[in-house]
Every structure is written in C-alpha cells, then in structure tokens.
Amino acid sequence: MTFLSKLGTNFNYVISTLLFVIGLYTIITKPNLIKKFMGLNIMETSVFLAIVSIGAVRDGKAPIVESATKVQYVNPLPQALILTGIVVAVSTTALALSLMIKLYEQCGTLNADKLKEFE
Amino acid sequence: MVWHLDLVLLLFLVATAIGVYRTKDLLGAAIIFSAYSLTMAIVWQQLSAPDLALTEAAVGAGVTTVLFLITISRTTRREDD
Amino acid sequence: MNKKVQNYFVLIVMLLCWAVFLFAVAEMPLMGDPGNITNTHVVPRYLEKGVEEGGAPNIVTGIILNYRGYDTSGEVTVIFTALIGVLAVLKRENIKKDKSLVEISPVKTSVIVTTVVKFLTPLIILFAIYMILHGDVSPGGGFQGGAITGGSIIAFTLTFGLLATMRKFRLSIRIPLESSAVLAFIASGLVAMFFGLPFLTFLIPGFGFHTQELIRHALFIIIEIGIGVATGIIFASIFAAMGKVSKE
C-alpha cells in the first residue's frame, strides 16, 4: 500500500495531527492568554479525536447491547476514557479562566509580553 | 459509510481552528470556537460515540464557550492588551 | 529578532512537526479494521460479558461505573477540586452585595429571549433527568445529564441575572449538593466493604440472583444521580463565581 492511500484511510489521524499542530502554533505565537487557552482546548480535542478514531470500526454500531445477536460494535473503551477526559478539560479551563480574571484585576493586561514587565 | 460527510466535517474542523487563530476579536474567536466544538460533536456521532457527542455538545459548545465569554466580558475584548 | 520573522520560524518548525506526524500516521494500523490490536485485547470480553459483569446494556456506562470505577471516582474528585480552586481565586457570590453582568448591562434582555428561556428551561432539565436515570440502557449518564443541567442553569442566569437564579438555588442548598458525587461514589463503594469485599464491588454474593441485580442497579442509580446533580451544580457555581461583579 502506498504512502498516500494509507494517509487516505487514516484521514482522521491526519486531521487530528493537523489540529494538534494548529493548537500548538496558537499557544506559541499568540501573546494573549485567552487565545492561548483556546489553542490548548483545540489541542485537547485533537488528541481526543485521535484516541476515539483508534477505536472506530467500519460500519460498527454504537456500543449499546440491545439483543443477544452478534453485531459488530465499535470499541467502547476509548469512549469511556475520553468521556472522563472532556469533563476534566472543562474543569481545567474554568480554573485557568478564573485565574485570568484575577490577573486582569491586578495587572490590567492579559498580554504575556506585557506581563513580563510586572515583577 | 457516509465518508463524504466525514470529509466535509473534518475539513470544517480545520477551517474553524484556523479561524480561531486568525480572528483578532476575542469575542468572535470564542464564537468560532463554539462552532468548532459543535462540529466535533457531530464528528463523534459519525464515529458511533453518542455519549461523547452529548457531552461535547453540552460541555464544549455550551459551558466552555460561556466561560470564555464571561472572562472576555470581565477582562478585555481586544487581543493586544 | 523581529516578531514576524520569529512567527515564520515557528510555522516552519510546526510544519516539519506535522510531516513527522504524517509518517507516524502512515505506520499506524488502518482505521476501521475490526482486527486491529486495540480491538482484540480486552474489548471482546467487555462486549460479550459487559451486560452481565458491568451491569448495563450501555457498555460505556458499564465501563465507567464498574470496570474503571476508580478512574471515575478520581475524576469526580477532579471537578470538585476545580470548584475549590475557582472559589479560592474568586470568592463565592454574595446575593446582597454582588450583581451579575446581566444586571449592570445597559442593554435590556429581549422579550423573545426571556420567553423562550422561561419556556425551555423546565423541558431541558426534564431531558437531563431522563438522561441521568436512563443512562444505563441508552446514550447518557451522570456526566451528560449534569452538563445539560449546568448549561440550562447558566442560560437561565444569563437571561434573568444572578439574583433571580440564586434565589432559586440558594447557597445552603448548593453547598451539600456540590459534594454529592464524591459522597455517593464513596458510599456505594463502601457497601461492598461491609460484606468483606474489595472497594467498589457492586455484585454482592450471598443474595438471590435477582436481589443481587437489584442491589447493583440501585447502587448505579445512586451514583448516577450523585454525579449528575453534582456536575450540574458545580458548573452553575463556577459560573456564578466568575460572573459576579462586586458593587464597590
């Protein structure tokens, strides 16, 4: 199988890595802290997309067993892990944003370059 | 398998992520981020993960966006300061 | 170095990074293949015996509550800790002194928004309750229902202001409910220890088959209700702490 056709089959991973790189680029180059955190959220969801895609099965049904007949289900384990991950992600976002509110009350800026001058 | 829909959704994810990067107005960026989360919820429905789709639609598009909005309204809307 | 040049340099590094990722992606097992190593190790057991062992037709709920119970109990502690962190940084709202951004805003909320939110909030909360209680046989569960509850409370607060909402969800009610997830989890886990079994065992031997199933189902419902209520109230409390504006 050639390189490109493999990438075509694994297209979810390609998009997931691209989103990871975009999020990392946002974190590195944008000075604003809120923007940095949006980039971090994009990185988080890209990792979630990669992990859920690992468990995907072609024509698989959602893992809810309704009858005893043999049906091809998708992998439920990554879904259970990512479900906890999403809620932890929003918890960290809330904590970081409340710290930003306090920081703005104290310093009057959220620009990381300007915050260097405060000591 | 409706792979055309998957392709469009995944490309839309990349477009919204670049939109979040390029938007100078933080309020607009937060709203584009909400669209990103909602698209992610549909992607998860396409990957047969209904539990994740429900959580992402409520948490990602709802709660996270509102927290971003409340932070922007209490601090600043422009990216430079 | 100029800022713009620096950004271009970072962009080149990121693209190189992506190229490396692409080679890794091409080496990964093909997506969607049922014979992948991730789908053959423990997962067939989960899918075949998950209904009897896990105790829920929705295998994801079974994994979250039963197979990976320790993981979930850690996670409910994480969101509780996040609430404590937010409250340590920003104080809790004071109904007498503080106002929300909606109340000090010069723009009046439109009648359409007020009516729609007033009409929809009970329905959304009803849907969330259905999702919490029905989480083991259909998509849903504690976290999903809790997030929906929190979202509807936040929408109500954004429309009617902090005062109207917090008069309905008073602090004396919210403080015990915030810890209900952790408490429900620990209490349900301790039930097994009375019978000399490890922590978080739900299937207690020594009863008849149907009584066993009934006890396990009751423990699951207690945990789901605890997680759902706590998640919703914690999101509402975080929002109230962040959205308040002190008067002075």
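This text goes with the structure placed above it.
Fair warning: this is a prediction, and the values are worked out from it, not measured in the lab.

Caption draft 1: Representation of the interface of chain C and chain A in the model. Of the residues lining the interface, 44 residues belong to chain C; the matching set on chain A comes to 44 residues. Of all the secondary-structure elements, those providing two or more residues to the side of chain C that touches chain A are helix 1 (3–27), helix 2 (43–54), helix 3 (59–67), helix 4 (69–89) and helix 10 (209–243) of chain C. Sort the elements by how many residues they give to the side of chain C that touches chain A and helix 1 of chain C lands first, with 10 residues. Classifying every residue of the side of chain C that touches chain A gives 32 nonpolar, nine polar and three charged.

Caption draft 2: Region of the structure containing the nonpolar core. Ranked by internal contacts, the top residues of the largest apolar core, which has 117 residues, are Ile34 and Val52 of chain A, Trp44 and Val63 of chain B together with Ile238, Phe239 and Met242 of chain C. In terms of residue count, the dominant contributor to this core is helix 10 of chain C (15 residues). Trp44 of chain B has contacts with Val52 of chain A together with Ala49, Leu52, Ala53 and Glu56 of chain B, leaving out every residue within four places of it along the chain.

Caption draft 3: A look at the interface of chain B and chain C. Contacts between the two partners involve 12 residues from chain B and, on the opposite side, 16 residues from chain C. Of the residues in the side of chain B that touches chain C, the class split is eight nonpolar, three polar and one charged.

Caption draft 4: Geometry of the packing of helix 3 (residues 33–54) of chain A against helix 3 (residues 50–74) of chain B. Relative orientation of the contacting elements helix 3 of chain A and helix 3 of chain B amounts to 175 degrees, with a least axis distance of 12 Å. When the interaxial angle is binned, helix 3 of chain A and helix 3 of chain B end up roughly antiparallel. Residues Ile34, Asn41 and Val52 of chain A of helix 3 of chain A form the contact with helix 3 of chain B, whose own contacting residues are Leu52, Thr64, Phe68, Thr71 and Ile72 of chain B. Within the contact of helix 3 of chain A with helix 3 of chain B, the residues separate by chemical class into five nonpolar, three polar and no charged.

About the cut-offs
- Residues numbered from 1 in each chain as written.
- Chains lettered and ligands numbered in written order.
- Predicted model: local features only at pLDDT ≥ 70, side-chain atom pairs only at ≥ 80, totals over all residues.
- Contact = placed C-beta atoms within 7 Å.
- Helix = DSSP H or I, 4+ residues; strand = E, 2+ residues; numbered from the N terminus.
- Nonpolar A, V, L, I, M, F, W, Y, C, P; charged D, E, K, R; others polar.
- Core = buried A, V, L, I, M, F, W, Y, C linked by C-beta atoms within 7 Å.
- Buried ≥ 20, exposed ≤ 12 C-beta atoms within 10 Å, placed from the backbone.
- Axes fitted to C-alpha atoms, helices over the stretch in contact; angles between N-to-C directions.
- Parallel < 35°, antiparallel > 145°, perpendicular 65-115°, else oblique.

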